[in-house]
Every structure is written in structure tokens, then in C-alpha cells.
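# Secondary and tertiary structure notes
Here is what each chain is made of, one letter per residue.
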Amino acid sequence: MTSPKPKSIQTMKPETAAKKLGVLLSATPAEFQAGVVSRDELNELQSRPPAWLTELRRNGPHPRQVVAAKLGISNSGLLRAGITEPLTTAEIDALKAENPAWLEHERSVQAETRKEALRLKQRQDS
């Protein structure tokens, strides 16, 4: 009989962990950027976020996928609008309040895309 192998620890690069946490890597503390993150550490960060993570999630700067989600548009919509840099929550709120024509258009495009995806899914299920 052979003894079971010890369970290996899964680790990920800081870039991957930051993406999973929904934060911009360059805005995280230096020690987070310098090391590797284990699956257990990631789970701990998600379940009990430290102050720096809570602050980043609340105020940003936010990565593109978070900016797009907060605006209710796609990543492609952000690019079409010429927004390539991370935005803070205040900047996102200002855009929402201003509601420029491009944002209205991109929101309608996103709504149509979701509606079509739902229609196709319902068609497949029946």
C-alpha cells in the first residue's frame, strides 16, 4: 500500500488574484503585488477582506471589467467610448449622473445583447 500524496498548495500570480478579487493590481499593497497567493489566502481575502481591499472595492480605482459592470455596459463599449484607464467610483458616479449619449447607446446595446442571449437560451432549452 502506498500512502496518499500530501495535498499540494495551489497558488496563483498576484495578477490573477487581483482579477478574482475585482481590484486593480497596481492599486494593491506592495506585499500583495510581490508574492504569490494561495487558494486558501484568496478565500480568506474574499470572506474577510482587509481594510485595503474594502477601500479599493468601495472607491477604486477599478479595473475595466468592474467599470463596465458599474456602468451597465460591455468592455467593448468602454473601448468604443475611448475609456481605457481605470476609473474611481466618483468618476463612475459622475458619468452616470452626466449620462452622455454614448453611455445611453452602450446601455441599450448591452440590454439588446442580454435579451438576445436569453432568447437563444430559452430556444435551446425548449
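Above this text you will find the structure in question.
Throughout what follows, the structure given in this document is the object of discussion. Keep in mind it's a predicted model, so treat the numbers as computed, not measured.

### Here we look at helix 7 (residues 89-98)
Every buried residue of helix 7 is listed here: T89, I92 and L95. Along the axis of helix 7, the buried residues cluster in a sector spanning 125°; they form a single face. Along helix 7, the residues that are exposed and aim more than 90 degrees away from the buried face are A90, A97 and E98. Lining the buried residues of helix 7 we find helix 4 (51-59), helix 5 (64-71) and helix 8 (101-125). Phi turns positive one or two residues past the end of helix 7, at N99, with a value near 45°.

### Overview of unusual backbone geometry
Following G60, the chain continues to P61 via a peptide bond in cis, the omega torsion being 10°. Even without being glycine, N99 reaches a positive phi, approximately 45°. By the element assignment, N99 lies in the loop between helix 7 and helix 8.

### Brief notes about the side chain of T89
Within the secondary structure layout, T89 lies in helix 7. Looking at T89, its side chain comes within polar contact range of the side chain of H62, at 2.6 Å. Not counting chain neighbours up to four residues away, the residues in contact with T89 comprise R58, N59, G60 and H62.

### Let's talk about empty space enclosed by the protein
In total, this model carries one cavity of 30 Å³ or more according to the counting rule given. Here the largest cavity is characterised by a volume of approximately 40 Å³. Contributing to the lining of the largest cavity are R64, V67, L78, I83, T84 and E85. For the lining of the largest cavity, the residue count by class is three nonpolar, one polar and two charged.

Conventions adopted
Residues numbered from 1 in each chain as written. Predicted model: local features only at pLDDT ≥ 70, side-chain atom pairs only at ≥ 80, totals over all residues. Heavy atoms only, no water. Buried < 20%, exposed > 50% of the residue type's maximum accessible area, 1.4 Å probe, protein only. Helix = DSSP H or I, 4+ residues; strand = E, 2+ residues; numbered from the N terminus. Arc of directions from axis to C-beta. Contact = heavy atoms within 4.5 Å. Polar contact = N/O pair within 3.5 Å; in protein donor to acceptor, adjacent residues only side chain to side chain. 1 Å grid on protein atoms, 1.4 Å probe; cavity = no way out; pocket = protein on both sides within 12 Å on 5 of 7 lines; lining within 4 Å. Points joined across faces, edges and corners; volume = space filled by probe spheres on them. Nonpolar A, V, L, I, M, F, W, Y, C, P; charged D, E, K, R; others polar.

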